[in-house]
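Structural overview
Residues per chain, in single letters:
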Amino acid sequence: MSDPAFSHAIPCCPTVAAIRALVGQWRQEGQTIALVPTMGALHEGHLSLVRQAKQQAKRVVVSIFVNPTQFAPNEDFSSYPRQLQRDLDLLATVGIDAVFTPDAGVMYPAGFSTTISMVGPATVGLEDASRPVFFNGVATVVAKLLIQVAPDLAIFGEKDFQQLAVIKQLVLDLDLPVTVQGGPTMREADGLAMSSRNVYLSTAERALAPRLYRSMNGVKDGIAAGQSVPSLIRAAKTELEQVGFTIDYLVLRDASTLAEWHGRSQGRLLVAAWLGKTRLIDNIGIGYVDLDGHIKE
Ligand code: PAF
C-alpha cells in the first residue's frame, strides 16, 4: 500500500485501490473522514486546514497531486515545487492518517475522456478571465478526488476564494455526499498570504508583496469610513502599479455569488496581480452595509 520511494510513518497510498481500502476499513469502524486536497509544497496554510479537519473528523487524509489539467501550457506546471519527502515530514508534525499520492497515470490513465465544464462561479470574470482552463481542470480533479476518497468533509483554503465557490457549486450540482468547508487564509508576519508560489519571488519582490494586503485593508477601511468604492479601488490600483505590480483585477464582489456587490450582503475584496513573473492572489471580507448605512463584519 505505501509508496516505498518515500519513508514515513504516515501510510502513503499511491493508488485508488489503496486509499479506498484504508478509507473503507475506517468506514466499517464507523469513523468520520476528512480530506484536504493539495498540490503539495505544503506550508502553514495547508497545515491549518489539516488542523481544522482534525477537529471535525476522526480520520484525516491529505491528497498531494500537481494536477496538469488545471495549468495552461504557458503556466508553471513543470516548475511547480515538488517536495514529497518534505511534505510528509511536515504532515507528520500535525499527525494525519493517510496521504493519497496518485500520479498522472493513476488520475488520467490512457483513454481518459471526461472533463467537467463549469459556468456560474467559474465564469465571473476573475481567475477565469486570465486562466481559461483552470476551473475545468480543478472541477474535474476535485470531483475525482472526492469520488476516490469519499470523505464526509473536504476543506479548501479561502485564499483561492473563487475556487472554493466553484467547488461548493460542483458538489451541489453533482449531489456529491460531502460537506465542503473553507479555511481562513494564513499570512506571514508582514501580511503576505501564504502560498506555495511565494518561493518564486525575488528578495526585492518579496519585500513589496505585502503591499497587496495593505492596499486591500486600505480599501476596506475607506469603505468603512463611507468613501466611494470605485475611487478607493482606483487609488489602490494606481498605488500598487506605481510600485511595480501589474494588476489582473482588484474588485469588490458579493461573497457568495461573486457577482457585483450592492452592499446588503457580505462583500469580498479580491485581487490578482503580477510581481515580475509571479502571480499573487488574495482576498479579504469587508462585511455588509446595515440599514443605517454602516459596514458590519
Ligand atoms: O488549491 C489547490 O491546491 C488545487 O487547485 C486543488 C484544489 C488541490 C486541485 O488540484
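Everything below is about the structure shown above.
Worth saying up front: this structure is predicted, and the values here are computed from it rather than measured.

1. Regarding the overall build of the protein
Within the protein, the secondary structure is distributed over ten helices and ten strands. Relative to a compact globule of 297 residues, whose C-alpha radius of gyration would be 19 Å, the protein shows 20 Å and is just as compact. Taken over the C-alpha atoms alone, the protein extends approximately 60 × 45 × 40 Å along its principal axes. Burial statistics for the protein: of 297 residues in total, 53% are counted as buried. The long-range share in the protein, meaning contacts at least 24 apart out of those at least 6 apart in sequence, stands at 70%. Taking the average place of the 26 positive charges on the side chains of the protein and the average place of its 29 negative ones, the gap between the two points comes to 1 Å.

2. Concerning the site of the ligand
Around the ligand sit Pro37, Thr38, Met39, Asn67, Gln70, Val138, Val141, Val142, Phe156 and Gln163, and that is every residue in its neighbourhood. Gln163 is positioned such that a nitrogen or oxygen atom in its side chain is 2.7 Å from an oxygen atom of the ligand. Judged by the proximity of its atoms to the pocket grid, the ligand belongs to the largest pocket. Going through the elements one at a time, strand E2 (33-38) and helix H6 (134-149) are the ones with two or more residues in the shell around the ligand. Partitioned by chemical class, the residues of the shell around the ligand number six nonpolar, four polar and no charged.

3. A word on the packing of aromatic side chains
Two aromatic rings, taken as a pair, are described by how far apart their centres are and by the angle between their planes. The tally for this structure, following the rule as stated, stands at five aromatic pairs. With a centroid separation of 5.9 Å and 75° between ring planes, the pair formed by Phe71 and Tyr80 is classed as edge-to-face. Residues Phe71 and Tyr80 agree in their burial class; the two are buried. Taken together, the aromatic side chains of Phe65, Tyr108 and Phe112 make up a single cluster linked through ring pairs. Across the ring face of Phe134, the terminal group of Arg131 is positioned such that the distance to the ring centre comes to 4.1 Å. Sitting above the plane of the Tyr213 ring, Arg187 keeps its charged end 3.7 Å from the centroid.

4. Examining the sheet that holds strand E1 (residues 12-13)
Overall, parallel pairing links the six strands, which are arranged E1-E4-E3-E2-E5-E6 in an open sheet. Strands at the two margins of the open sheet, each flanked by one partner only, are E1 and strand E6 (179-183). Here E2 runs beside strand E3 (residues 59-64); their pairing, made up of six bridges, is parallel. Bridge pairing in E3 places Ile33 opposite Arg59.

5. Things to note about the pairing of strand E7 (residues 246-254)
Counting buried positions along E7 gives seven out of nine residues, so the element sits mostly inside the fold. Summarising the sheet, E7 and strand E8 (residues 267-275) pair through eight bridges and their orientation is antiparallel. Counted as the bridge partner of Ile247 is Ala273 from E8.

6. What about the sheet that holds E8?
Taking strand neighbours across the sheet as the criterion, the four strands line up as E7-E8-E9-E10 in an open arrangement whose pairing is antiparallel. Edge strands, defined here as strands with exactly one partner in the open sheet, are E7 and strand E10 (295-296). Strands E7, E8, strand E9 (278-289) and E10 of the sheet are contacted by helix H9 (residues 211-224), whose axis makes an angle of about 20° with E9.

7. Comments concerning the pattern of salt bridges
Per the counting criterion, the structure on display carries eleven salt bridges. Between Glu44 and Arg51 there is a salt bridge, with its nearest N and O atoms 2.6 Å apart. Its salt-bridge partner being Glu75, residue Arg131 comes within 3.0 Å of it at the nearest N-O pair. One end of the pair, Arg131, is in the loop between helix H5 (127-130) and H6; the other, Glu75, is in the loop between E3 and helix H3 (84-94), and 56 residues separate them in sequence. Under the relative-accessibility criterion, Glu75 is labelled partly exposed at 22%.

8. Let's talk about the layout of surface pockets
Of the voids in this model, the largest pocket is the one considered here, and its volume is about 960 Å³. Every residue lining the largest pocket is counted, 45 residues in all, and those nearest its centre are Met39, Tyr80, Lys159, Asp160 and Arg197. Going through the elements one at a time, E2, helix H2 (44-56), H5, H6, strand E5 (153-157) and E9 are the ones with two or more residues in the lining of the largest pocket. The element best represented in the lining of the largest pocket is H6, accounting for five residues. Looking at the lining of the largest pocket, its residues break down into 19 nonpolar, 16 polar and ten charged.

9. Topic: the state of the cysteines
This model, assessed by the stated rule, comprises zero disulfides. Unpaired in terms of disulfides, Cys12 finds its nearest cysteine sulfur in Cys13, a separation of 7.1 Å. The exposure class assigned to Cys12 is buried, which follows from its relative accessible area of 2%. A residue is classified by how much of its surface remains accessible, and Cys13, at 0% relative accessible area, is buried.

The rules behind each value
Residues numbered from 1 in each chain as written. Predicted model: local features only at pLDDT ≥ 70, side-chain atom pairs only at ≥ 80, totals over all residues. Heavy atoms only, no water. Helix = DSSP H or I, 4+ residues; strand = E, 2+ residues; numbered from the N terminus. Rg over C-alpha atoms; globule rule 2.2 N^0.38 Å. Buried < 20%, exposed > 50% of the residue type's maximum accessible area, 1.4 Å probe, protein only. Contact = heavy atoms within 4.5 Å. Lys, Arg positive; Asp, Glu negative; His and termini not counted. Charge placed at Lys NZ, Arg CZ, Asp CG, Glu CD. Near = heavy atom within 4 Å. Polar contact = N/O pair within 3.5 Å; in protein donor to acceptor, adjacent residues only side chain to side chain. 1 Å grid on protein atoms, 1.4 Å probe; cavity = no way out; pocket = protein on both sides within 12 Å on 5 of 7 lines; lining within 4 Å. Sits in = over half its atoms within 2 Å of the grid points. Nonpolar A, V, L, I, M, F, W, Y, C, P; charged D, E, K, R; others polar. Phe/Tyr/Trp six-rings, centres within 6.5 Å; stacked < 30°, edge-to-face > 60°. Lys NZ or Arg CZ within 6 Å of the ring centre and 35° of its normal. Pairing = 2+ DSSP bridges. Axes fitted to C-alpha atoms, helices over the stretch in contact; angles between N-to-C directions. Salt bridge = Lys/Arg side-chain N within 4 Å of Asp/Glu carboxyl O. Points joined across faces, edges and corners; volume = space filled by probe spheres on them. Disulfide = S-S within 2.5 Å.

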